[in-house]
Amino acid sequence: MKTSKCFSCGGEFPETVGPVHAYMKSAPGCWATYGEVLAREYSDPAYFSVHRLTVDAYAVQHPGSKDRQSIQSVAFHLIRLCMFLEHDLTAEKANDLMLEVGKYKSAFTWLSPPAFMGAITCADVERTTTVEAHKQRVREWARSSWDAWSLHHDQIRSWLPARQRSRHSSGASATSIVRP
Ligand SMILES: [Zn+2]
């Protein structure tokens, strides 16, 4: 089957015609492959611990354009990635923390997406054949997608809920949010 590069994440995907997400813009083959990865994760609770990392990694590799919905989505998923990777957030606690983050989402600003989105994409996850390999690849994917945004790490850390943020002393160049 003929493949082509997704213009957003840079992964190689089957060249297909089909739907894409409303604001996480991608090649149709990329969106279809992500759908297969999600279907696998929904089919078995063994994937629960990495499912949110999958969603986050995909979202930050497909930031779309500069509209409000994209800005909030990218910021939300970068914040969650930061909390999973730097603050050992567990899947069980993720919802409560993100509800808190959702309260000040209107303060998020556009972050210019990196030119290189990392070497791992959902194509690499889709290729795995065991639960363990899938989970391991998702963790690597999440890490490399987070690293791709390193220019904005300080800004993203400044958007973390206060009790997480206090653990970072750097970030002088980042603008903090004044909450109501
Ligand atoms: Zn893509």
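Our subject in this report is the structure included herewith.

Scoring rules and cut-offs
Residues numbered from 1 in each chain as written. Predicted model: local features only at pLDDT ≥ 70, side-chain atom pairs only at ≥ 80, totals over all residues. Heavy atoms only, no water. Helix = DSSP H or I, 4+ residues; strand = E, 2+ residues; numbered from the N terminus. Expected span 1.5 Å × (residues − 1). Buried < 20%, exposed > 50% of the residue type's maximum accessible area, 1.4 Å probe, protein only. Contact = heavy atoms within 4.5 Å. Phe/Tyr/Trp six-rings, centres within 6.5 Å; stacked < 30°, edge-to-face > 60°.

Bringing helix H3 (residues 68–86) into the picture now. Its 19 residues place the ends of H3 26 Å apart at the C-alpha level, agreeing with the 27 Å of an ideal helix rising 1.5 Å per residue. Just beyond H3, the residue with positive phi is Asp88, at close to 50°.

All right, on to helix H2 (residues 48–61) then. Judged by how many residues are buried, H2 sits mostly within the fold: 12 of 14 residues are covered. Buried within H2 we find Val50, His51, Arg52, Leu53, Thr54, Val55, Asp56, Ala57, Tyr58, Ala59, Val60 and Gln61. Those residues of H2 that are buried lie in contact with helix H1 (28–43), H3, helix H4 (91–102), helix H5 (122–126) and helix H6 (131–148).

In this section: the environment of Ala123. Following the sequence through the fold, Ala123 ends up in helix H5. Distance in space between the C-alpha atoms of Ala123 and Gly10 is 10 Å, their sequence separation being 113 residues. Excluding residues within four positions of it along the chain, Ala123 makes contact with Glu12, Phe13 and Thr33.

Within the structure shown, the criterion is met by 5 aromatic pairs. Summarising the aromatic geometry, the rings of Tyr34 and Tyr58 are spaced 3.8 Å apart at their centres and angled 10° between planes, so their arrangement reads as stacked. Of this pair, Tyr34 sits in helix H1 while Tyr58 sits in helix H2, and the two are 24 residues apart along the sequence. In this structure Tyr34 comes out as buried when scored by relative accessible area, which is 3%. Arranged with centres 5.9 Å apart and planes meeting at 75°, the rings of Tyr104 and Phe108 form a pair that is edge-to-face. Judged on exposure class, the residue Tyr104 and its partner Phe108 are both buried. Three or more aromatic residues joined by ring pairs make a cluster, and in this case those are Trp31, Tyr34 and Tyr58.

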